[in-house]
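Read off the chains here:
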Amino acid sequence: MSKNKFIYILGIESSCDDTSAAVICNGKILSNVVANQEIHAKYGGVVPELASRAHQQNIVPVIQQAIQKANIDKKDLNAIAFTRGPGLMGSLLVGTSFAKSLSLGLNIPIIAINHMQAHILAHFIDDEDQQKPPFPFLCLTISGGHTQIVKITNYFEMEVLGETLDDAVGEAFDKSAKILGLSYPGGPLIDKYAKLGNPKAFQFTKPRVQGLNFSFSGLKTGILYFIQKKVKEDPDFIEDNLHDICASIQYTIVKILFEKIKKAVEQTGIEHIAIAGGVSANSEIRKVLKSMEKKYDWTTYIPKFEYTTDNAAMIAVVGYLKYLENDYSNENIGATARLKVSQN
Ligand code: KG4
Ligand code: ZN
């Protein structure tokens, strides 16, 4: 086989608080290095200025590691894919500028990637542990910044059928965790403690939102008032009931999500359902989605754990798909904080 039958793409992700680089060869991930920024935990959320500084520090070693782990030389790379948006401007600029400089140095093309499309298209990474969905399929994209039901007609033809009107589901997890005094990001902690609790111990009011849209800010306020009231009556309430509280919060969130997915299936007749984004790492969401296969005859697609939260493997696979179409970006392309999933 001649050498150019192997296409090597470097993916770079720096949209929020994870600096990540990955190398993909013909759809298979050779390396996927992620440097989490622990600095934000003590502030209870991502501090944009600190995130961009940490990206600046991490980006060179992370990319070097990704190339080393892939066991290639940077001269073997055919193109560089990077997250153009959406995300924090100061964070995006680090990855964007680095991608452009490296492409100039290596004299290879750059490919700008939409982060939200990448979360969804992570399902197209060649990996024996995950199945690729056929078109059209529906994807519930759930992260710290987004909550959307998206109809995917083709790789780059996506339509939002419903989305949150206020907080994202990841924020609902993280803000609830903060109310309980848990550290940031609280989503994984709620997941962990919920495993030991009774999901029906406490009831929280679900929002009433028309159509396929979501709302989570009312739920967060409801949880805040409930906890404040209970702690007034008993200062040890949180400590004594942490597992039950977490299980009840998670149960409510999962119910809200699945009521809408069911509705989306009814409306579209599409029964291939995928999940994507950081919150799709949640064990209960994964379990409930899997159970829908038997209950409703759906086929479901659950991403491998490492492709759920922000990572460059998902950027690299979209880079590969675009490379096959010669869909390169102009060197003048800039980072953009706001970018819809339907925008290429
Ligand atoms: O996709 P992501 O890494 O970053 C964004 O683009 O937002 O998602 C991060 C979000 C955070 O809100 C985090 O708490 C949540 O994903 N998350 C989880 C779990 N793992 C990560 N939420 C619930 N359960 C989990 N296991
Ligand atoms: Zn993300």
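Residues numbered from 1 in each chain as written. Chains lettered and ligands numbered in written order. Predicted model: local features only at pLDDT ≥ 70, side-chain atom pairs only at ≥ 80, totals over all residues. Heavy atoms only, no water.

Asker: What's the story with the pattern of salt bridges in this structure? I'm lost.
Answerer: Once the charged atoms of two side chains with opposite charge are near each other, the side chains can pair. Counting across every chain of the model gives 13 salt bridges. With a shortest N-O distance of 3.0 Å, Lys-304 and Asp-127 are connected by a salt bridge. One end of the pair, Lys-304, is in the loop between strand S10 (299-301) and helix H9 (313-324); the other, Asp-127, is in the loop between helix H3 (115-121) and strand S6 (137-142), and 177 residues separate them in sequence. Judged by relative accessible area, Asp-127 falls into the buried class, the value being 18%. Among the ionic pairs, Glu-293 bridges to Lys-290, the shortest N-O distance being 3.4 Å. (Salt bridge = Lys/Arg side-chain N within 4 Å of Asp/Glu carboxyl O. Helix = DSSP H or I, 4+ residues; strand = E, 2+ residues; numbered from the N terminus. Buried < 20%, exposed > 50% of the residue type's maximum accessible area, 1.4 Å probe, protein only.)

Asker: What's the story with the coordination of the zinc ion (ligand 2) in this structure? I'm lost.
Answerer: Reference values for angles at a metal are 109.5 degrees in the four-donor tetrahedral case and 90 or 180 degrees in the six-donor octahedral case. With distances of 2.1 to 2.2 Å, the protein atoms coordinating the zinc ion (ligand 2) are His-115 (NE2), His-119 (NE2) and Asp-310 (OD). With four donor atoms in place around the zinc ion (ligand 2) and angles of 91 to 145° between them, the coordination shape is irregular. Read in sequence order, the donor residues for the zinc ion (ligand 2) give the motif H-x3-H-x190-D. Of this pair, His-115 and His-119 both sit in helix H3, four residues apart, which is roughly one turn of that helix. Owing to a relative accessible area of 6%, His-115 belongs among the buried residues under this scheme. Residue His-119 is classed as buried on the basis of its relative accessible area of 1%. (Donors = N, O, S within 2.8 Å, 3.2 Å for Na, K, Ca; no water. Tetrahedral: all angles 85-135°; square planar, octahedral: opposite > 155°, others 65-115°.)

Asker: I keep staring at the site of ligand 1 and nothing clicks. Help me out?
Answerer: Taken together, 18 residues are adjacent to ligand 1, and Gly-144, Asp-174, Asp-191, Gly-278 and Asp-310 come closest. In the environment of ligand 1, an oxygen atom lies 3.4 Å from a nitrogen or oxygen atom belonging to the backbone of Gly-170. In this structure, Gly-278 approaches ligand 1 through a main-chain N or O atom, which is 3.0 Å from an oxygen atom. Along the lines of polarity and charge, the residues of the shell around ligand 1 split into five nonpolar, 10 polar and three charged. (Near = heavy atom within 4 Å. Polar contact = N/O pair within 3.5 Å; in protein donor to acceptor, adjacent residues only side chain to side chain. Nonpolar A, V, L, I, M, F, W, Y, C, P; charged D, E, K, R; others polar.)

Asker: How should I be thinking about the sheet that holds strand S2 (residues 18-25) in this particular structure?
Answerer: Working definition: the strands of a sheet are paired by backbone hydrogen bonds and lie parallel or antiparallel to each other. Pairing in this open sheet of five strands is mixed, and the strands run S3-S2-S1-S4-S5 from one edge to the other. The open sheet is flanked by strand S3 (28-36) and strand S5 (110-114), the only strands paired with a single partner. Going from strand to strand, the sheet's axes swing by 20° on average, the running direction of each strand aside. Strand contacts of helix H1 (residues 48-69): strand S1 (8-13), S2 and S3, with the helix running at about 25° to S2, the strand carrying the most contacts. (Pairing = 2+ DSSP bridges. Axes fitted to C-alpha atoms, helices over the stretch in contact; angles between N-to-C directions. Contact = heavy atoms within 4.5 Å.)

Asker: Looking at this model, I keep getting lost on the packing of aromatic side chains. Mind explaining?
Answerer: In this description, a pair of aromatic rings is defined by centroid distance and the angle of the planes. Inspection of every chain in the model, using the stated rule, returns 13 aromatic pairs. Seen from their ring centres, Tyr-323 and Tyr-328 are 5.7 Å apart, and the 50° between their planes marks the pair as tilted. Just above the ring of Phe-156 sits the side chain of Lys-322; from NZ or CZ to the centre is 5.3 Å. (Phe/Tyr/Trp six-rings, centres within 6.5 Å; stacked < 30°, edge-to-face > 60°. Lys NZ or Arg CZ within 6 Å of the ring centre and 35° of its normal.)

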